[in-house]
Amino acid sequence: MDCDVAVVGYGPVGATAANLLGRYGLKVIVIERDPDIYQRARAISTDEEVMRIWQSVGLADRLQQDMLADRPLAFVDSTGAPFYQTTITGRGCGHPPQQFIYQPAVDAVLRAGVARFAGVEVLLEHECLRVLNKGDHVELMLADLRADTFRRIRASYVIAADGGSSPTRGQLGVGYSGKTYSERWVVIDTKLLKKWDAHDRLRFHCNPVRPTVDCPTPLGHHRWEYPARAGEDDNHLVSDAAVWEVLNDQGITDEHVEILRTVIYRHHVRVADRWRVGRVFLAGDAAHAMPPWIGQGMAAGVRDVANLCWKLTAVLAGHAPESLLDSYEAERKPHVTEVTRRAVLMGRVITERNKVLATIRNHVLRVLTKSAAIRRQGQKLYWIPEAYYPDGFFAGSGHKAEGRQIIQPWVIDDTGARKRLDDVMQGRWTLLHIGDLPPEAHAWTQRGATSIPVRDTTLTAWLRDKKATAAIVRPDGFIYAATDSVTPLAAPPAGLDCNPTPVTVAGALAPTLNGVLA
């Protein structure tokens with residue numbers, strides 16, 4: 001076998017997958033047709049859960065240096081006056097809840113991370129011409145675009161993260177259901193020359209005449225997006241004259257920004273009919289596409305591979321049955337569907353063209369959101385849904401904590417060092433417990449799960465709120481099973497070996513796990 005996993009596509013989703021798999025010591029081949037990082041900034045934001053995933057591969061702190069965290073968000077009317085302002089509230093993941101990014105910089109750090117792992121081979125300027133399931137492996141035919149030669153490789157599994165137009169999905173004959181909106185959108189990327197009021201915050205200009213998204217991006221950049229009007233010519237829309245007309249209306253001149261590029265695109269709301277065909281898995285835009293309104297396109301793909309890679313590792317190591325891989329789509333698809341629904345809803349609110357309805361919207365939101373409690377509650381309805389999987393690889397006991405991602409406070413490990421919880425658990429099966437171990441704990445520790453008593457007040461309060469005195473945490477931080485000390489803790493499922501797969505993160509020391517969280 002040439003590799004354990006072949007990753008097709010080397011954007012942020014594919015690069016995250018390569019880091020996750022490389023961390024476990026797997027042999028990986030990454031296939032990418034482009035010669036270098038794509039320089040147009042597509043994704044513009046990320047969130048605390050994604051940063052937690054990047055933390056697991058030792059890259060979060062470096063990535064943080066190039067991000068804008070905790071920027072205010074404002075919805076403004078046609079006069080520029082805000083009718084709703086807020087800052088996104090965190091859910092306890094140990095990172096800022098929303099951050100603006102410059103995607104080429106993120107890509108560069110993720111690729112530098114991949115270079116740490118000797119078992120990961122990156123083939124740039126290679127195109128995957130064919131993906132064929134062959135029973136116990138997948139055969140891939142590659143074209144070397146530089147040498148004009150061909151190469152056949154064999155992989156135990158394949159992750160196709162090759163974008164919305166995914167050639168791999170097409171080869172597999174998988175449908176891509178949904179719709180492409182006919183409305184054209186203009187995207188302007190600029191270099192910041194001179195600051196202006198509100199240059200560092202996200203503003204949705206909810207003007208029925210020309211709805212516009214006004215978005216800060218780090219490293220001296222700024223972006224605007226707005227829909228084309230009926231009858232406007234594409235060539236004119238991307239001309240400097242047309243762009244400056246829109247920016248000048250917002251008080252932005254050539255003293256403030258330099259235009260780097262202007263492009264036109266259409267929004268998509270689509271999802272693949274199947275996310276798995278044999279040993280090939282679709283991830284990111286290859287599996288689903290959504291509008292940009294809550295900045296979750298890239299983030300959803302990163303969540304995909306975080307869910308998938310630990311499962312592939314467990315199966316390849318013989319620590320779990322191959323049927324574990326069926327839980328990937330079962331867990332991720334409902335969450336993606338809800339994220340997409342919320343993104344579409346936000347788009348409708350922002351781009352309302354009826355002036356009467358827009359006036360009503362402005363007035364109602366201006367009145368309602370004067371209450372801090374309503375603002376907090378509103379985020380639960382329109383922003384990113386909680387990291388919760390109601391179905392999938394869980395005990396199925398119906399416990400309130402089951403299927404939820406555990407929070408990540410700072411804790412004190414057994415050496416007295418202050419660390420984030422995930423850095424202590426290190427992506428391993430862990431039994432967290434308040435007080436005495438439940439009687440059923442032995443079945444889990446015998447299988448290789450690590451037992452850690454919890455004394456951190458934040459984590460204790462979170463577990464008690466979920467009516468849990470003990471919880472089995474999966475390698476991806478989701479709770480497999482929990483108990484309230486009255487009902488028995490679910491036993492390990494058949495075929496599961498919790499003994500940890502060695503984790504290697506260059507430049508980082510793996511902390512011990514037999515400590516007390518204080």
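Residues numbered from 1 in each chain as written. Predicted model: local features only at pLDDT ≥ 70, side-chain atom pairs only at ≥ 80, totals over all residues. Heavy atoms only, no water.

Attention shifts here to the packing of helix α1 (residues 12-23) against helix α2 (residues 48-56). Two elements in contact, α1 and α2, have axes separated by 9 Å at closest approach and are oriented at 40°. Between α1 and α2, the angle falls in the class oblique. Of the residues in α2, those in contact with T16, L20 and R23 of α1 are I53, W54 and S56. Its residues assigned to classes, the contact of α1 with α2 shows three nonpolar, two polar and one charged. (Axes fitted to C-alpha atoms, helices over the stretch in contact; angles between N-to-C directions. Helix = DSSP H or I, 4+ residues; strand = E, 2+ residues; numbered from the N terminus. Parallel < 35°, antiparallel > 145°, perpendicular 65-115°, else oblique. Contact = heavy atoms within 4.5 Å. Nonpolar A, V, L, I, M, F, W, Y, C, P; charged D, E, K, R; others polar.)

All chains considered together, the criterion is met by 33 salt bridges. Ionic pairing is found between D189 and R223, a salt bridge with its closest N-O pair at 3.0 Å. One end of the pair, D189, is in strand β12 (residues 176-192); the other, R223, is in strand β15 (residues 221-227), with 34 residues separating them in the sequence. Take D189 and R223: they sit in the same class, and that class is buried. (Salt bridge = Lys/Arg side-chain N within 4 Å of Asp/Glu carboxyl O. Buried < 20%, exposed > 50% of the residue type's maximum accessible area, 1.4 Å probe, protein only.)

One pass over the structure, following the stated rule, counts 17 aromatic pairs. For the pair Y157 and F281, a centre-to-centre distance of 6.3 Å together with 50° between the ring planes defines the contact as tilted. Placement of the pair is Y157 in strand β11 (residues 149-160) and F281 in strand β18 (residues 280-282), with a sequence separation of 124 residues. Relative accessible area serves as the criterion here: at 3%, Y157 is assigned to the buried category. Take F281: its relative accessible area is 0%, and that puts it in the buried class. (Phe/Tyr/Trp six-rings, centres within 6.5 Å; stacked < 30°, edge-to-face > 60°.)

Next up on the list: the sheet that holds strand β25 (residues 479-483). Whenever strands of a sheet pair, they do so through backbone hydrogen bonds, lying parallel or antiparallel. The four strands are arranged β23-β22-β24-β25 in an open sheet whose pairing can be described as mixed. Two strands lie at the open edges of the sheet, namely β23 (450-453) and β25, each paired on one side alone. Direction aside, neighbouring strands of the sheet carry axes that sit 20° apart on average. With four bridges connecting them, strand β24 (residues 470-473) and β25 associate as antiparallel partners. In the strand pairing of β25, V473 is matched with I479. (Pairing = 2+ DSSP bridges.)

Looking at the chain, the domain boundaries give domain 1 (2-66 + 100-176 + 272-347) and domain 2 (404-483). Summarising the inter-unit geometry, the C-alpha centres of domain 1 and domain 2 are found 29 Å apart. Contact with domain 1, which involves 11 residues of that partner, is made by 13 residues of domain 2. Both sides together, the interface formed by domain 1 and domain 2 hides about 960 Å², and carbon and sulfur atoms give 33% of it. For the domain 1 face of the interface with domain 2, the top three residues by lost area are R52, Q55 and W310, together amounting to 65%. If you look at where domain 1 meets domain 2, you find three salt bridges. When the shortest N-O distance is used, the salt bridge between R52 and D422 registers 2.6 Å. Summed over the shared surface of domain 1 and domain 2, the number is seven residue pairs in polar contact (both at pLDDT 80 or more). Of all the secondary-structure elements, those providing two or more residues to the side of domain 1 that touches domain 2 are α2 and α8 (297-316). (Domains from an automatic or database assignment. Buried area = accessible area lost by both parts, 1.4 Å probe. Polar contact = N/O pair within 3.5 Å; in protein donor to acceptor, adjacent residues only side chain to side chain.)

Attention now moves to the nonpolar core. Counting 115 residues, the largest nonpolar core has W54, L140, I159, F204 and W429 as its most contacted members. When residues of this core are assigned to their parent elements, the largest contribution, 12 residues, is made by α8. If you count residues domain by domain, this core takes at least three from each of domain 1 (2-66 + 100-176 + 272-347) and domain 2 (404-483). Apart from residues lying up to four places away in sequence, L140 is in contact with A6, V8, I31, C128, R130, V131, R151, R152, I153, A155 and V158. Of all hydrophobic cores here, the second largest spans 19 residues; its members include A401, I406, L421 and L463. (Core = buried A, V, L, I, M, F, W, Y, C linked by side-chain atoms within 4.5 Å.)

The topology assignment puts D162 in the loop between β11 and α5 (167-172). Look at D162: it is buried, it has no salt bridge, and the nearest opposite charge is R169 at 6.5 Å. At 2.6 Å, the side chain of D162 forms a polar contact with the side chain of S166. There is a polar contact of 2.7 Å between the side chain of D162 and the side chain of T168. The residues touching D162, leaving out its near neighbours within four places in the chain, are V8, G9, P167, T168 and A286. (Lys, Arg positive; Asp, Glu negative; His and termini not counted.)

Where α1 contacts α8, the two axes come as close as 9 Å, and the packing angle between them is 25°. Classified by the interaxial angle, the pair formed by α1 and α8 is roughly parallel. The two elements α1 and α8 cross, and the hand of that crossing is right-handed. Between α1 and α8, the residues in contact are P12, V13, T16, A17, L20 and L21 and M298, G301, V302, V305, A306, C309 and T313, respectively. (Left-handed = near helix turned anticlockwise from the far one by under 90°.)

Here we come to the UniProt feature "domain: FAD-binding" (unreviewed entry) in the chain. Per the UniProt annotation, the sites labelled "domain: FAD-binding" (unreviewed entry) are residues 2-343. Between the first and last C-alpha atoms of residues 2-343 the distance is 40 Å; the span itself is 28% helix and 34% strand. (UniProt positions renumbered as here; feature names shortened; annotations may be inferred.)

Take the sheet that holds strand β14 (residues 212-217) next. Spatially, the eight strands line up as an open sheet ordered β6-β5-β13-β14-β15-β12-β16-β19, and their pairing is mixed. Lying at the two open borders of the sheet, with one neighbouring strand each, are β6 (82-86) and β19 (288-289). Sheet topology places β12 next to strand β16 (residues 257-272); 14 bridges connect them, and they run antiparallel. When the bridges of β16 are listed, G178 appears paired with R270. Running at roughly 130° to β16, helix α9 (residues 327-350) makes contact with β5 (73-76), β12, β13 (202-205), β16 and β19 of the sheet.

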